[in-house]
Amino acid sequence: MSVDPQLRTLDIEIPTQPEVLVKLSLLMAAEDIDLQAISALVESDMALAAAVMKAVNSSLYGLRGRVQTVHQALTYLGMREVAAITFEMGLRAAFPAAAELEPVWGRAAKRGLLMGRMGQMLGIDPWAAHSAGLFEECGKAVLYRHAPQHYPAMLRAATRDAELVELERTAFGVSHDALGAALCESWGLAPAAVASVKHHVEVQASMTMPEAMQRRGVSAVSMIAWALMNHADQLEAIAGQIAPQAQLDEGLVLRAARRVSEQLQTAQEHGR
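A.B. asks: How do you make sense of the packing of aromatic side chains when you look at a structure like this?
C.D. replies: Applying the stated criterion across every chain, the model contains four aromatic pairs. With 5.3 Å between their ring centres and 85° between their planes, F87 and W127 make a pair best called edge-to-face. In this pair, F87 is assigned in helix α6 (residues 79–93) and W127 in helix α8 (residues 126–135), connecting sequence segments 40 residues apart. F87 sits in the buried class, given a relative accessible area of 2%. A relative accessible area of 21% means that W127 is categorised as partly exposed. Between the aromatic rings of F95 and W105, the centroid separation amounts to 6.1 Å while the plane-to-plane angle is 35°, which identifies the pairing as tilted. Taken together, the residues F95 in the loop between α6 and α7 (102–122) and W105 in helix α7 connect sequence positions ten residues apart. Residues F95 and W105 agree in their burial class; the two are buried.

A.B. asks: Explanation requested: the nonpolar core in the structure shown.
C.D. replies: A general feature of soluble globular proteins is that nonpolar side chains tend to end up buried together. In this structure, M118, F135 and L183 are the most contacted members of the largest nonpolar core, which totals 96 residues. Take this core: its biggest share by element is nine residues, from helix α14 (residues 217–230). Here F135 is in contact with F87, L91, L183, C184, W187, L189 and V197, once residues within four sequence places are set aside.

A.B. asks: In this structure, what is going on with the environment of Q204? I would like to understand it.
C.D. replies: By the secondary structure assignment, Q204 is in helix α13 (residues 191–206). Relative accessible area serves as the criterion here: at 11%, Q204 is assigned to the buried category. When sequence neighbours within four positions are dropped, the list of residues in contact with Q204 reads E136, M223 and W226.

A.B. asks: Is there a simple way to think about α8 in this case?
C.D. replies: Residues that lie three or four places apart on an α-helix share one face, since the helix turns once every 3.6 residues. α8 sits mainly inside the fold: eight of its ten residues count as buried. Summarising the contacts, the buried residues of α8 are in contact with α6, α7, α9 (138–146), α12 (176–186), α13 and α14. If you check the start of α8, you find a side-chain oxygen 3.0 Å away from the backbone N of W127, and it comes from D125.

A.B. asks: It is not clear to me how the pattern of salt bridges should be interpreted in this structure. Could you clarify?
C.D. replies: Side chains carrying opposite charge are able to pair once their charged atoms draw close together. If you walk through the whole model with that rule in mind, you get twelve salt bridges. The network of salt bridges with shared partners includes R107, R111, E136, E137, K140 and D161.

The rules behind these values
Residues numbered from 1 in each chain as written. Predicted model: local features only at pLDDT ≥ 70, side-chain atom pairs only at ≥ 80, totals over all residues. Heavy atoms only, no water. Phe/Tyr/Trp six-rings, centres within 6.5 Å; stacked < 30°, edge-to-face > 60°. Helix = DSSP H or I, 4+ residues; strand = E, 2+ residues; numbered from the N terminus. Buried < 20%, exposed > 50% of the residue type's maximum accessible area, 1.4 Å probe, protein only. Core = buried A, V, L, I, M, F, W, Y, C linked by side-chain atoms within 4.5 Å. Contact = heavy atoms within 4.5 Å. Polar contact = N/O pair within 3.5 Å; in protein donor to acceptor, adjacent residues only side chain to side chain. Salt bridge = Lys/Arg side-chain N within 4 Å of Asp/Glu carboxyl O.

In structure tokens, the structure reads:
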């Protein structure tokens, strides 16, 4: 899929998808997913496999006993979550290591997990939901790499992403949500994931999805994950406003959100 031509004129580089993730995308798209092939693919890249195993054994997943191989991780966590962790590590590797980006990657891992599991419970494409959560803030990494001397000050100055995008547009002529969507599109993510990333700042600020938005389920799950991570006390109100816009049952959305939140809390307690 091509990057928006307008973005090409801005001289801001969108990193290309690593070859291992191209191959993983093809395996994930197959009707009969071959777990052995996925395991072999991830293990073929030693640095990536090591990063995946470190993530799998983190407190976010709270697995009992240390997982030693990618195949074991697939057995314990399932294909989607291991594939998503691989995408997360591949995405991180496309950008320079930077302390300012660590909170971005930390939120990405948690948000992706929340969205993927909620998507599965609600009958929304869980792979699209998980990948949208991982990539939601990746445009910040694009801008950090583009302007490492100036962008950290913007990250510190903005208290909300709605403020940050205004600073970005003034400085660069583009904002991280648009760049994130462009990266999602160029890496071949599902259209629902691209749309969710593109509009997430707008939806969070207005609680309203754009009229033209078609695949709304992933965007709705994104908003619920945002509520869980930032405004848990407002979860019911946000679900009540967002769920109908995606033709989702508010009660089912709330149950899924609470169940997944409890799963993560339990995992982190076990992982300490």
